[in-house]
Amino acid sequence: MSLRLPAFAAFAFVLFVTPLRAQPFTFSSVKPVSLNELEYGQVVFFDFNRDGMLDLLATGNSANLPPFVPRAYVALSQGDYNFADGSEGLVFSERALGQGLWQSSIAVADFDLDGYVDVVVSGRIHNAANFETRPLEGVTHVYRGNASGSFAPVSTELLGIYGGSVSTADIDGDGDEDLFITGLLTQEEIAAALYRNNNGTFETLPLPFEPLALGDAEWADIDNDGDLDLALSGVTENGDPKTKNFRNDGLGNFTEDRVKNPGL
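Residues numbered from 1 in each chain as written. Predicted model: local features only at pLDDT ≥ 70, side-chain atom pairs only at ≥ 80, totals over all residues. Heavy atoms only, no water.

A.B. asks: What is the right way to read the sheet that holds strand S10 (residues 178-184) from this model?
C.D. replies: Strand order in this open sheet of 4 strands is S9-S10-S11-S12, and the pairing throughout is antiparallel. Strand pairing shows two members of the sheet lacking a second neighbour, strand S9 (162-169) and strand S12 (201-205), which therefore form its edges. Between one strand axis and the next, the sheet turns by 25° as a mean value, whatever way the strands run. Direction of pairing for strand S11 (residues 190-198) relative to S12: antiparallel, over a ladder of 5 bridges. The residue of S12 that forms the bridge with Asn197 is Phe202. (Pairing = 2+ DSSP bridges. Helix = DSSP H or I, 4+ residues; strand = E, 2+ residues; numbered from the N terminus. Axes fitted to C-alpha atoms, helices over the stretch in contact; angles between N-to-C directions.)

A.B. asks: Quick question: what am I supposed to make of the environment of Asn197 here?
C.D. replies: Mapping Asn197 onto the fold places it in strand S11. The exposure class of Asn197 is buried, given its relative accessible area of 0%. As for Asn197 and Asp170, which are separated by 27 residues in sequence, their C-alpha atoms are 8.6 Å apart. Setting aside chain neighbours within four positions, we find Asn197 in contact with Phe111, Asp174, Asp176, Glu177, Asp178 and Phe202. (Buried < 20%, exposed > 50% of the residue type's maximum accessible area, 1.4 Å probe, protein only. Contact = heavy atoms within 4.5 Å.)

A.B. asks: Explanation requested: the pattern of salt bridges in the structure shown.
C.D. replies: Opposite charge on two side chains permits them to pair, given that their charged atoms come into close proximity. Tallied over the entire structure, the rule returns 7 salt bridges. Ionic pairing is found between Lys242 and Glu210, a salt bridge with its closest N-O pair at 3.2 Å. You can see Lys242 sitting in strand S15 (residues 241-248) and its partner Glu210 sitting in the loop between S12 and strand S13 (213-220), a full 32 residues away along the chain. The residue Glu256 makes a salt bridge to Lys244 at a minimum N-O spacing of 3.8 Å. Here Lys244 lies in strand S15 and Glu256 lies in strand S16 (residues 254-256), a separation of 12 residues in the sequence. (Salt bridge = Lys/Arg side-chain N within 4 Å of Asp/Glu carboxyl O.)

Given below as structure tokens:
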């Protein structure tokens, strides 16, 4: 006895069991207008002035040979532009952001919960003027954002590093973003600091992590318990590569995961 499916059933069967072919992504090249080219830095996109268009914050070195010229700037998007040759580009209005830094790391978050994003930038400050006296010095700057998309410097005593990572996460579940910094303090020394955010000011917490440099720090709920845990990679002062996971108990207390990851 053979089983014969009605025509509509056979069609439905083919429709649901036949895998759909993924459509390929397509990309088009656009020309950024009048942006300074940088190296050894970082770029982040965010709608800093809340006009619905993504702006750009960039830090890095603008000279590929000594004397180095570190820079930091915010480029507010003005939208698309059609060139005479038929190509499209993005127009930005660029403005300097405080002290120029390179070998830098950037974090953006609304630390004081006023509705405007703030910026933390770490990196090296040496240039032609101070290379002999301060060849390797790391700093960390905080800038408070406002409605115009501009930023005002905030006086802090945060750990100054370069060649590392600055990251934010609400580690204690109180609704604001806390701060973690790790990287090179000097050419021979690595340091790290964990800060709790109290209404836009930062309180130093006991450090449960080994300081690492030349790596990255990423926050995610790796054990699905509702709080943010940490994956940390980099090198030690002895040059040993390490990658570690730290589980958060929800109050900002961390325990190193027993699972050993390959050092990267």
